[in-house]
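# Descriptive analysis of the structure
Residue strings, one per chain:
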Amino acid sequence: MKVPYSWLKDYVDVNLPASELAEKLFSCGFEVEEIIYLGEKINRVVVGEVTALEKHPDSDHMHICTVDCGEEYGRAIQIVTGAPNVYVGMRTPVALDNSTVAETNPAALEKCPDGIKKIKKGKLRGVESCGMLCSGEELGINDDFYEGAEVFGLLDLKGNPPLGEDIKKTVGLDDYIFDISVTANRPDCQCVFGIAREVAAITKSELKTPDVSFKEYDSVAAPVTVQVLSPDLCPRYIGRYVEGTKESIGGANADKTPAWMRKRLALAGLRSISPVVDITNFVLLELGQPMHAFDADELAGRKIIVRRANEGEKIVTLDEKEFTLNGDNLVICDGEKPVALAGIMGGLNSGINENTKNVFFEAAKFARDNIRKTSRKLGQSSDSSARFEKGVDAYTAEFAMNRALHLMEELGCGKVTKIKSDENAGNAQKKTITASLEKINALLGISVPEEETRDILARLNFQPKIEGDTLTVTVPGYREDVENYPDLAEEIIRSYGYSHLEPTFLKSARVTGGGLSDTQKSENAVKETLCNQGFYEAYNYSFYSPKDFDLMRLPDDAEERKAVRVLNPITEDLSVMRTFLAPSMLHDAVRNIRRGNDSGKLFEYARVYLPETLPVTTQPEEAEKLGLCVWGNEYDFFDLKGAVEAIERAFYVTFTYERSHAPYLHPGISANVFYGKEQVGEIGELDPAIAASLGLDKRVCLGELNMKKLLPLLNAGVRFTNLPPFPAVKRDLALIADENVTCAQIQAELYRSCKYVTDVQLFDVYRGGQIPEGKKSMAFTLTFTPDSSADKAITAETADNFVKKILGALKFKLGVTLR
């Protein structure tokens, strides 16, 4: 929100330096992001008068001028100019030697990106020139800022300003613009007068309220009737009819907006258009209320109807864009058609033009969420929609309407008639809040003096009354954000000063040693383990597309499909909360492969959101999951399994593996991960059909572990075991097993059948000649290690006995024999 300091002074007598006022605004909750000095580029430019003029001897268009710039700068300064409008007696801006002005030449801007042009003494075609006479362009101003600034030639200063006076003061460049960041809860301060109210309260100065007086006249014109059919989207609609003439509203006087108003608009970055349009823009900037002026004679049936648009209905807005509407859009219609897109922009068929004689003004309060959704969906925004999206109150709608009518009368644009309408479907009564001073002070942690409390709230227009411990206030109509005593506490402390707050411990606070919790230590240890395996950590959004469930080939009744939908998604591709991580990990791999990263390893430690029921009635369960992904032809299923086994070793746990039937994994190259009898995850290669649908030519493997189940079992600490006193002994076994017997079953039985087996490694699987049909050969290396209390080594004979015992157990339990 840009607020000119000079405009603020129209409402508050304040003479603080701009930097000091910015600090005061910051102290009460308004951050001034930037202070812009309008005359920053202008230096050593003063008012001068041309006292003598002669033709340049070597030019047919240049003149040699003698310029009087006052006692301080010189009474007879010689300057050469090529301006066609120079004359003796002309008072104009003079850029003295070593001065600076605004550079506007596009070619020159490449050499001086700061936009500052330096003026020095020099010669023009052999004649010395000790400066430069300036146009409005060199000062960076236009006609709205100062009358005559856009004339081709020199700026002819009006009113005989003093010679030698700084030109910044003369033309109004000695001013500051505050760029203020206004928080979402203070839409009442999205205007100059709103900030002025705050400045008056901070500085304890009197606030000058804009004049809203006007005289009403009887009219013989037919009334304009207003009907609000969607009061939920338009809580208040005010309409007023102003009679004028073609000359006063749309014709010859269309460019006669007073200089003071045109300058205010220019300071805010707006150009003057016509008196009526300028008034609506001025009121928007001054009071924060968007307004619209209809050509009353163009309203069919003399009607205004506020309703939801019909499906497929069309409107052409003032910027000549056509939009197709639906029932979610609010429109302003006459008796036949839409004439405005509510809260966003007027229609081309009812705007002010050169033939307009009578005006119907609109000031309304529209539902902010509806304006925001319509603006986004149609891709159409404006200054009005920006204000309505932040919120406009019903009080300001009436205040702004009266201000606009006063300005119409003041500028002589027409007569305000008694034809009016005020459709107020909301509660027009002022809100009263009763609170305990003790509770307010308890919330602040300090005792604010009663008189100070009363004075602060009175300056903020809350009309406070204090009886004992009871504080009663009447909330101003423009402060819809104030609802209860914590809001009052905020109003008090931001004016009283946050410096008065005393740091204290919470009642339940206690001194701690700090550091990470055991859970956090375990999480970090898991991440570190995976990083040691060559993985990188990924961060993804907590939501994805519902189409991902179909991509992963989940059945219709899969638990993963029971996802929480986002009410206002950024896009449909981010519209449901994640129930498992595999889709996100898959998209990470696909994105990398398509961008030339042909191999990689990623993991994500994140939460998924599991609702009890749909639609959601309680907070969804937030379960922590670990997603794993490797891609590239140099990696396969065993690289992924190796990462899971690294977690086993790091945390002294043992997983078992069984064939997986996850729909998105390869049916023959996947496994469910078990801890004991409970499944804690699944790993495997991506189903070839899914890979083909994505056009992948690289192998992708995915895994997911349920960390909610695993974390309580993981111990991030260090365990110590004594080294065995004697060397280990290894034996290789080639075993023949049925096809349905898994490696995991054999490994488990090998460990179970002999306590001295400390490691089992599969190193070969063979099917073919010499192996019966329906069988397979699996070769393992077994490591026998004596425990730390053993008093002798494991001999070859002892190892052979262990093998005999193991083979007997395998044959009995699994039907596995020695090859």
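Quick look at the structure, then. Source: prediction; values computed, not measured. (Residues numbered from 1 in each chain as written. Predicted model: local features only at pLDDT ≥ 70, side-chain atom pairs only at ≥ 80, totals over all residues. Heavy atoms only, no water.)

Time to look at the overall build of the chain. Helix and strand counts for the chain come out as 24 helices and 39 strands. Computed over the C-alpha atoms, the radius of gyration of the chain is 40 Å, more than 25% above the 28 Å expected from 2.2 N^0.38 for a compact globule of 819 residues. Across the 819 residues in the chain, those meeting the buried criterion constitute 49%. Approximately 40,800 Å² of the chain is accessible, and the part contributed by carbon and sulfur atoms is 48%. Computing the positive centroid from 97 side-chain charges and the negative centroid from 122, the chain places the two 4 Å apart. (Helix = DSSP H or I, 4+ residues; strand = E, 2+ residues; numbered from the N terminus. Rg over C-alpha atoms; globule rule 2.2 N^0.38 Å. Buried < 20%, exposed > 50% of the residue type's maximum accessible area, 1.4 Å probe, protein only. Areas by Shrake-Rupley, 256 points an atom, 1.4 Å probe, with all protein chains shown as cover. Lys, Arg positive; Asp, Glu negative; His and termini not counted. Charge placed at Lys NZ, Arg CZ, Asp CG, Glu CD.)

A word on unusual backbone geometry. Residue Leu-614 is joined to Pro-615 through a cis peptide bond whose omega torsion reads -5°. Locating Pro-615 in the fold gives a position in the loop between β30 (600-610) and β31 (621-631). Non-glycine residue Arg-44 carries a positive phi angle of around 60°. Considering the arrangement of structural elements, one finds Arg-44 in strand β3 (residues 43-55). A relative accessible area of 37% means that Arg-44 is categorised as partly exposed. Positioned with a positive phi, Glu-320 is a non-glycine residue whose angle comes to about 65°. Following the sequence through the fold, Glu-320 ends up in the loop between β17 (314-316) and β18 (322-324). On the basis of relative accessible area, Glu-320 is assigned to the exposed category, the value being 63%.

This part takes up the pattern of salt bridges. Counted under the stated rule, the structure contains 49 salt bridges. For the salt bridge of Lys-420 with Glu-216, the shortest nitrogen-to-oxygen distance reads 3.3 Å. Linking Lys-420 in strand β23 (residues 415-424) with Glu-216 in strand β12 (residues 216-217), this pair joins segments that are 204 residues apart in sequence. Residue Glu-216 is classed as partly exposed on the basis of its relative accessible area, which comes to 29%. Among the salt bridges present, the one from Glu-559 reaches Lys-562, with a minimum N-O distance of 3.0 Å. (Salt bridge = Lys/Arg side-chain N within 4 Å of Asp/Glu carboxyl O.)

So, on to the side chain of Thr-453. Among the structural elements, Thr-453 can be located in helix α15 (residues 450-459). Apart from the residues within four sequence positions on either side, Thr-453 is in contact with Leu-437, Val-448 and Ile-492. (Contact = heavy atoms within 4.5 Å.)

This part is about the sheet that holds strand β22 (residues 358-365). Backbone hydrogen bonds are what pair the strands of a sheet, in a parallel or an antiparallel way. Pairing within the open sheet is mixed, and its 5 strands lie in the order β12-β23-β14-β22-β15. Of all strands in the sheet, those bounded by a partner on one side alone are β12 and β15 (291-295). Where β12 lies against β23, 2 bridges are found, and the strand directions are parallel. Across the sheet, Tyr-217 pairs through a bridge with Thr-417, a residue of β23. The strands touched by helix α10 (residues 275-287) are β15 and β22; relative to β15, the strand with the most contacts, the crossing angle is about 165°. Running over the sheet, helix α13 (residues 394-410) touches β14 (236-243), β15, β22 and β23 and is turned about 10° from β14. (Pairing = 2+ DSSP bridges. Axes fitted to C-alpha atoms, helices over the stretch in contact; angles between N-to-C directions.)

It is worth spelling out the sheet that holds strand β24 (residues 432-436) at this point. If you trace the 3 strands from one edge of the open sheet to the other, you get β24-β26-β25, paired in antiparallel fashion. Both outer strands of the open sheet, β24 and β25 (465-467), are each paired with one neighbouring strand and no more. Strand-to-strand twist of the sheet, defined as the mean angle between neighbouring strand axes without regard to direction, takes the value 20°. Here 5 bridges tie β24 to strand β26 (residues 470-474), and the two strands are oriented antiparallel to one another. Each bridged residue has a counterpart across the sheet, and for Thr-432 the counterpart in β26 is Thr-474.

What follows covers the pairing of β31. β31 sits mainly inside the fold: 9 of its 11 residues count as buried. Where β30 lies against β31, 11 bridges are found, and the strand directions are antiparallel. From the neighbouring strand, Gly-600 faces β31, where its bridge partner is Trp-631. Both β31 and strand β35 (residues 700-706) contribute to a ladder of 7 bridges, which runs antiparallel. By the bridge assignment for β35, Val-630 is matched with Cys-701.

Quick reminder: α-helices carry 3.6 residues per turn. Residues three or four places apart thus point the same way. Here helix α23 (residues 743-753) has its buried residues at Ala-744, Ile-746, Glu-749, Leu-750 and Ser-753. Looking at the buried positions of α23, the neighbouring elements they touch are β32 (656-659), β36 (729-738), β37 (757-766), β38 (775-784) and α24 (796-814).

Within this structure, the stated rule accounts for 0 disulfides. We note that Cys-69 lacks a disulfide partner, and the nearest cysteine sulfur, in Cys-134, lies 10 Å from it. For Cys-69, a relative accessible area of 1% translates into the label buried. (Disulfide = S-S within 2.5 Å.)

This next bit is on the packing of aromatic side chains. Inspection of the entire model under this criterion finds 16 aromatic pairs. Aromatic pair Phe-784 and Phe-802: ring centres 5.5 Å apart, planes at 40°, arrangement tilted. Of this pair, Phe-784 sits in strand β38 while Phe-802 sits in helix α24, placing them 18 residues apart in sequence. Taken as a pair, Phe-784 and Phe-802 share a single burial class, namely buried. (Phe/Tyr/Trp six-rings, centres within 6.5 Å; stacked < 30°, edge-to-face > 60°.)

Moving on, we get to the environment of Ala-671. Locating Ala-671 in the fold gives a position in strand β33 (residues 665-675). Along the primary structure Ala-671 and Lys-641 are separated by 30 residues, whereas in three dimensions their C-alpha atoms are 9.1 Å apart. Apart from the residues lying within four places of it in its own chain, the contact partners of Ala-671 are Phe-637, Tyr-657, Glu-658, Arg-659, Ser-660, Glu-682 and Ile-683.

One finds Leu-8, Phe-178, Ile-180, Ile-195 and Phe-361 to be the most contacted residues of the largest nonpolar core, which totals 51 residues. Examining the composition of this core, we find that 8 residues originate from one element, α13, more than from any other. When neighbours within four sequence positions are excluded, Leu-8 is seen to be in contact with Val-3, Leu-21, Phe-178, Val-192, Ile-195, Ala-196 and Val-199. In this structure, Val-224, Phe-294, Val-339 and Leu-341 belong to the second largest nonpolar core, which totals 36 residues. (Core = buried A, V, L, I, M, F, W, Y, C linked by side-chain atoms within 4.5 Å.)

Here the focus is α13. Relative to the 24 Å expected for 17 residues at 1.5 Å per residue, α13 spans 25 Å between its end C-alpha atoms, a close match to the ideal helical length. Among the residues of α13, those classed as buried are Thr-396, Ala-397, Phe-399, Ala-400, Met-401, Arg-403, Ala-404, Leu-405, His-406, Leu-407 and Met-408. One or two steps after α13, the chain reaches Gly-412, where phi turns positive at roughly 65°. (Expected span 1.5 Å × (residues − 1).)

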